[in-house]
Amino acid sequence: MTITTAPPAHSTQGTSDWSTRGTCVGTDPDALFVQGKEQRTAKVVCRECPVALECLSDALDNRTEFGVWGGMTERERRALLRRHPGVRSWREVLSKTMGRPPV
């Protein structure tokens, strides 16, 4: 599997739609909905993503079941949700943990 990413989009810091600023924009969406060892390759896209925190917190808040979101697989997200069932908003928790303020 080959994942190609689009060049970084022009800064749109004013927009609330974080999904338009991800490094996965322009990537074949099927490349992020893979199984097994291909998930490692898919997660590479998220490493330098400027909106990985927003992506992951959205996936956790909405209990997104499938795909790689914010650098985590569905299995990793399920485990995190099981360990912390009381969290209602992951954005604040993750921004503290990842040392990045929410965008």
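Attention here is on the structure that accompanies the text.

## Concerning the packing of helix H2 (residues 52-61) against helix H4 (residues 90-98)
No. 1: Running from amino to carboxyl end, H2 crosses H4 at an angle of 140 degrees, the nearest separation of the two axes being 9 Å. One finds that H2 runs oblique with respect to H4. Helix-helix and strand crossings are classified by hand; for H2 and H4 the assignment is right-handed. Contacts between H2 and H4 involve Leu53, Glu54, Leu56, Ser57, Leu60 and Asp61 on the former and, on the latter, Trp90, Arg91, Leu94, Ser95 and Met98.
No. 2: By residue class, the composition of the contact of H2 with H4 is six nonpolar, two polar and three charged.

## Description of H2
No. 1: Judged by how many residues are buried, H2 sits mostly within the fold: eight of ten residues are covered.
No. 2: Those residues of H2 that sit buried are Ala52, Leu53, Glu54, Cys55, Leu56, Ser57, Ala59 and Leu60.
No. 3: For H2, the elements touching its buried residues are helix H3 (74-83) and H4.
No. 4: Positive phi shows up at Arg63, right after H2, with a value of about 55 degrees.

## Overview of the pattern of salt bridges
No. 1: By the definition in use, this model includes three salt bridges.
No. 2: We note a salt bridge from Lys43 to Glu76, for which the minimum N-O separation is 2.8 Å. Of this pair, Lys43 sits in helix H1 (residues 38-44) while Glu76 sits in helix H3, and the two are 33 residues apart along the sequence.
No. 3: We classify Lys43 as partly exposed; its relative accessible area is 22%.
No. 4: Using a relative accessible area of 29% as the deciding quantity, one classes Glu76 as partly exposed.
No. 5: Of the charged contacts in the structure, one is a salt bridge between Arg91 and Glu54, with a shortest N-O distance of 3.6 Å. Of this pair, Arg91 sits in helix H4 while Glu54 sits in helix H2; the two residues are 37 residues apart in sequence, bridging distant segments of the chain.
No. 6: Look at Arg91 and you get partly exposed, because its relative accessible area is 30%.

## Considering H3
No. 1: When we look at burial in H3, the residues that qualify are Glu74, Arg77, Ala79, Leu80 and Leu81.
No. 2: Looking at the buried side of H3, the elements it contacts are H1, H2 and H4.

## What to know about the packing of aromatic side chains
No. 1: Overall, the coordinates contain one aromatic pair when judged by the stated rule.
No. 2: Arranged with centres 6.1 Å apart and planes meeting at 80 degrees, the rings of Phe33 and Trp69 form a pair that is edge-to-face. Remark: Trp69 occurs in the loop between H2 and H3 and Phe33 occurs in the segment before H1; sequence separation between them is 36 residues.
No. 3: Trp69 gets classed as partly exposed once you look at its relative accessible area, which sits at 25%.

## Quick word on the state of the cysteines
No. 1: This model, assessed by the stated rule, comprises zero disulfides.
No. 2: Of all cysteine sulfurs, the one in Cys49 lies closest to Cys24, which takes part in no disulfide; the gap is 6.1 Å.
No. 3: In this structure Cys46 is a free cysteine whose sulfur lies 6.1 Å from that of Cys55, the closest cysteine sulfur available.
No. 4: The class of Cys46 is buried, set by a relative accessible area of 14%.

What counts, and at which threshold
- Residues numbered from 1 in each chain as written.
- Predicted model: local features only at pLDDT ≥ 70, side-chain atom pairs only at ≥ 80, totals over all residues.
- Heavy atoms only, no water.
- Axes fitted to C-alpha atoms, helices over the stretch in contact; angles between N-to-C directions.
- Helix = DSSP H or I, 4+ residues; strand = E, 2+ residues; numbered from the N terminus.
- Parallel < 35°, antiparallel > 145°, perpendicular 65-115°, else oblique.
- Left-handed = near helix turned anticlockwise from the far one by under 90°.
- Contact = heavy atoms within 4.5 Å.
- Nonpolar A, V, L, I, M, F, W, Y, C, P; charged D, E, K, R; others polar.
- Buried < 20%, exposed > 50% of the residue type's maximum accessible area, 1.4 Å probe, protein only.
- Salt bridge = Lys/Arg side-chain N within 4 Å of Asp/Glu carboxyl O.
- Phe/Tyr/Trp six-rings, centres within 6.5 Å; stacked < 30°, edge-to-face > 60°.
- Disulfide = S-S within 2.5 Å.

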